[in-house]
Amino acid sequence: WLYQILAAISKPQKPSPKRSWCLHCKDPLGKFVRAKHCQYCGRLVCKSCFKRKLKPKYFPRSFEIYESALVCVVCEEILTSREKEEDMSNTQPTSSLMEGGIFDENDSHF
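We now turn to the structure provided with this report. Residue numbers restart at each chain and count upward from 1, following the sequence in its written direction. Only residues with pLDDT of at least 70 get local features here, since the model is predicted, and only at 80 or more are side-chain atom pairs given and counted; chain-wide, interface and lining totals rely on the full set of residues. Excluding hydrogens and water, the side-chain figures rest on all heavy atoms present in the structure.

1. Describing the packing of aromatic side chains
Now for step 1: Under the pairing criterion, centres of Phe, Tyr and Trp rings, with the six-membered ring standing for Trp, must be within 6.5 Å; the plane angle then separates stacked pairs below 30 degrees from edge-to-face pairs above 60, leaving the rest tilted. Per the stated rule, a full pass over the model turns up three aromatic pairs.
Now for step 2: Taking the centre distance of 5.4 Å and the plane angle of 15° together, the rings of Tyr40 and Phe63 count as stacked. Pair noted here: Tyr40 is in the loop between strand S1 (35–37) and strand S2 (44–46) and Phe63 is in the loop between strand S3 (50–54) and strand S4 (69–72), with a separation of 23 residues, a long-range link. Across the pair, exposure class does not vary: Tyr40 and Phe63 are buried alike.
Now for step 3: By the ring-pair criterion, three or more aromatic residues cluster together here, those being Tyr40, Phe59 and Phe63. Secondary structure counts use DSSP, requiring at least four H or I residues in a row for a helix and at least two E residues in a row for a strand, with both numbered from the N terminus. Here the term buried applies to any residue with accessible area under 20% of the maximum for its type, exposed to any over 50%, and partly exposed to those in between, with areas from a 1.4 Å probe on protein chains only.

2. So, the side chain of Glu76
Now for step 1: One can find Glu76 in helix H2 (residues 73–91).
Now for step 2: Setting aside its immediate chain neighbours within four residues, Glu76 contacts Lys51, Arg52, Leu54 and Val71. Any two residues whose heavy atoms approach within 4.5 Å are treated as being in contact.

3. Quick notes on the environment of Lys55
Now for step 1: Secondary-structure assignment places Lys55 in the loop between S3 and S4.
Now for step 2: The spacing of Lys55 and Ser68 is 13 residues in sequence and 4.3 Å in space, taken between C-alpha atoms.

4. Looking at the pattern of salt bridges
Now for step 1: In the sections that follow, a salt bridge refers to a side-chain nitrogen of Lys or Arg positioned within 4 Å of a carboxyl oxygen of Asp or Glu. Summed over all chains, the structure comprises one salt bridge.
Now for step 2: Taking the shortest distance from any N to any O, the salt bridge between Glu76 and Arg52 comes out at 2.5 Å. With Glu76 in helix H2 and Arg52 in strand S3, this residue pair connects regions lying 24 residues apart in the sequence.

5. Focus: the nonpolar core
Now for step 1: Side-chain atoms within 4.5 Å link the members of a nonpolar core, which is a set of buried Ala, Val, Leu, Ile, Met, Phe, Trp, Tyr and Cys residues. One finds Tyr40, Phe59, Val71 and Cys75 to be the most contacted residues of the largest nonpolar core, which totals 24 residues.
Now for step 2: Looking at this core, the elements with two or more residues in it are S2, S3, S4 and H2.
Now for step 3: Among the elements that take part in this core, H2 stands out by supplying four residues, more than any other.

In structure tokens form, the structure reads like this:
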């Protein structure tokens, strides 16, 4: 259910309060453990739970992100899969003339 909630985010989230543990893997955060807020969900995560920055094209326009931004591993998966789905829908035809449309499937002209 976490994936469904995170996938529904359409506006920038407020960063979560400082915690003594990673909100993804629950590992303790100390003085020397690097932690960052995910730029998509706002959760505070440890270094091992954020792997890379994503380009602005992966974020909803309402985020107004103009430079690459750090995201947690969960949001990275959600955002990159959303981009892949959009790419696939743009490459597939929006309608088929053969399906329920103009041509009869039994037409011998094909």
